[in-house]
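# Coordinate inspection notes
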Amino acid sequence: MWKTTGKVLLAAVLFLVLNLLVSAGIGLVAAIADAARNAGNVTPESITELLQSNPWLRTASFALSAASGVATAAILYYAMERERTWTLGWRQRDWLPKGLLGLALGALLIVLAFLIAWIAGGIAVVDAVLTSDVVVALLFDVVLFASVAVGEEVFSRGYVYGVVRRSGGVVAAVVASSALFALFHMNNPAVLSNAFPMLNLVLAGVMLALLREWSGGLWAPIGAHLTWNFVQGDVLGMAVSGVETPSILRVESLNDFVSGGAFGLEGSFAVTLVTAGASLWLALAIRKRGASASAGLS
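Reference entry: report on the structure contained in this document. Just so it is clear, the model here is predicted, and its values are computed rather than measured.

### As for the overall build of the protein chain
Assigned secondary structure in the protein chain consists of 9 helices and 2 strands. Each helix (α) and strand (β) of the protein chain, taken in turn from the N terminus, gives the series α-α-α-α-β-α-α-α-β-α-α. Computed over C-alpha atoms, the radius of gyration of the protein chain comes to 20 Å, within 12% of the 19 Å expected from 2.2 N^0.38 for 298 residues, which places it in the range of a compact globule. Dimensions of the protein chain, computed from C-alpha atoms along their principal axes, come out at roughly 75 × 45 × 35 Å. Counting the 298 residues in the protein chain, one finds 46% classified as buried. For the protein chain, the proportion of contacts with a sequence separation of at least 24, taken over those separated by at least 6, is 75%. Accessible area for the protein chain stands at about 14500 Å²; split by element, carbon and sulfur atoms hold 70% of it. Of the charged side chains in the protein chain, 17 are positive and 17 negative, and the gap between their average positions amounts to 19 Å.

### Thoughts on the pattern of salt bridges
Per the stated rule, a full pass over the model turns up 5 salt bridges. For K7, the salt bridge is made with E81, and the minimal N-O distance between the two is 2.8 Å. Of this pair, K7 sits in helix 1 (residues 2-37) while E81 sits in the loop between helix 3 (55-80) and helix 4 (95-119), placing them 74 residues apart in sequence. The two residues K7 and E81 agree in class, both being buried.

### Topic: the packing of helix 4 against helix 7 (residues 219-235)
To describe two helices that pack against each other, one gives the angle between their axes and the distance between the axes. In contact at an axis separation of 6 Å, helix 4 and helix 7 are set at 35° when each is read in the N-to-C sense. Handedness of the helix 4/helix 7 crossing: right-handed. Where helix 4 approaches helix 7, its residues W95, K98, G99, G102, L103, G106, A107, L109, I110 and V111 are matched on the opposing element by W219, A220, G223, A224, L226, T227, W228, V231 and Q232. Split into classes, the residues belonging to the contact of helix 4 with helix 7 amount to 12 nonpolar, 6 polar and 1 charged.

### Some words on a nonpolar patch on the surface
A surface patch of nonpolar side chains, about 460 Å² in accessible area, is lined by V111, L115, W118, I119 and V125. Among the elements that line the nonpolar patch, the one with the most residues is helix 4, at 4 residues. Looking at the secondary structure, you find I119 in helix 4.

### Some words on the packing of helix 2 (residues 44-53) against helix 3
It is the contact of helix 2 with helix 3, at a shortest axis distance of 5 Å, that shows an interaxial angle of 90°. Regarding the angle of helix 2 to helix 3, the classification is roughly perpendicular. The residues of helix 3 that touch helix 2, namely those facing L50, L51, Q52 and S53, are P55, L57 and R58. Residue composition of the contact of helix 2 with helix 3, by class: 4 nonpolar, 2 polar and 1 charged.

### A look at helix 7
The α-helix winds at 3.6 residues per turn, so residues separated by three or four positions along the chain end up facing the same way. With 17 residues, helix 7 extends 22 Å from end C-alpha to end C-alpha; this agrees with the ideal 24 Å at 1.5 Å per step. In terms of burial, helix 7 is largely enclosed, as 16 of its 17 residues are buried. Looking one or two residues beyond helix 7, the residue adopting positive phi is G237, at roughly 80°.

### A few points about the side chain of S156
Inspection of the secondary structure puts S156 in helix 5 (residues 132-183). Owing to a relative accessible area of 4%, S156 belongs among the buried residues under this scheme. Discounting chain neighbours no more than four positions away, the residues touching S156 are Y161, S177 and F181.

### Re the packing of aromatic side chains
Enumeration according to the criterion identifies 12 aromatic pairs in this entry. Measuring from ring centre to ring centre gives 4.9 Å for Y77 and W86, while their planes differ by 70°; the resulting arrangement is edge-to-face. By the burial criterion, Y77 is buried, and W86 matches it. For the ring pair F155 and F184, a centre distance of 5.7 Å and an interplane angle of 45° mean the geometry is tilted. Within this pair, whereas F155 is found in helix 5, its partner F184 is found in the loop between helix 5 and helix 6 (196-215), the two being separated by 29 residues in sequence. Residue class for F184 comes out partly exposed when judged on its relative accessible area of 25%. Clustering of aromatic rings is evident, with ring pairs tying together Y77, Y78, W86 and Y159. Positioned above the aromatic ring of F181, the side-chain terminus of R157 is 4.4 Å from the ring centre.

What counts and what doesn't
Residues numbered from 1 in each chain as written. Predicted model: local features only at pLDDT ≥ 70, side-chain atom pairs only at ≥ 80, totals over all residues. Heavy atoms only, no water. Helix = DSSP H or I, 4+ residues; strand = E, 2+ residues; numbered from the N terminus. Rg over C-alpha atoms; globule rule 2.2 N^0.38 Å. Buried < 20%, exposed > 50% of the residue type's maximum accessible area, 1.4 Å probe, protein only. Contact = heavy atoms within 4.5 Å. Areas by Shrake-Rupley, 256 points an atom, 1.4 Å probe, with all protein chains shown as cover. Lys, Arg positive; Asp, Glu negative; His and termini not counted. Charge placed at Lys NZ, Arg CZ, Asp CG, Glu CD. Salt bridge = Lys/Arg side-chain N within 4 Å of Asp/Glu carboxyl O. Axes fitted to C-alpha atoms, helices over the stretch in contact; angles between N-to-C directions. Left-handed = near helix turned anticlockwise from the far one by under 90°. Nonpolar A, V, L, I, M, F, W, Y, C, P; charged D, E, K, R; others polar. Patch = residues over 30% accessible without salt bridge, like charges linked within 9 Å, V, L, I, M, F, W, Y side chains within 5 Å. Parallel < 35°, antiparallel > 145°, perpendicular 65-115°, else oblique. Expected span 1.5 Å × (residues − 1). Phe/Tyr/Trp six-rings, centres within 6.5 Å; stacked < 30°, edge-to-face > 60°. Lys NZ or Arg CZ within 6 Å of the ring centre and 35° of its normal.

Below, the structure is given as structure tokens:
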């Protein structure tokens, strides 16, 4: 198990190093673009504003950061897992139906959390807008959130989950991959505003890890991760793990405890209920399938 722990720590360090290199590269490009835009008057604030407002730079930043996750998983898997008695979960025969199932599940669960927060009086819908500018922004964000889903799932539920599961079993794999997944969001805005953001990040990781186990591959969790983020931000108008996005709905927070405040729904008890409920259902389904398999062998 110590060998496995070392592999997980190595994966975390490599992922952070690659992310740092990507951030430095994107920051340099943004600084050059900002200098051209402001006649050489560049400040950290102006660079940040450009990264947030320019859809090309914003999407490239998230996509390249996500590529760090894929690169880390691929490098360590093909370099260190030479026996390859387990798979990353990328090559899945029924990838399309599993992916579509994940897309539907992610959208359904985040809408359910939104309805819980709305019924509880934490959110008010102020307006709905679907202009050409919003449509273009949404198209950029589909690419952005697809990149994030692939990068984070290949790293967390692909490599980390797989390498821990091989030596420690399903429970250890769920715990390790979920904890690391939550820790990698520590730099997100408002993540420490209350106890719910970190709790819900862990629970979301548990849910996605169990979905990976239940579905037999990465495509269901990738799909769920994609629509969870996209629908939450670009459709429902909530911050996505503290990050604001263009959106169709305009909403107002009436109660931060219920709505999640600046962190978005993932800072709300509504997401706690939804992710805990989904995780319980998946755990029972996995257990039932295991019991059925054992009965079939007896």
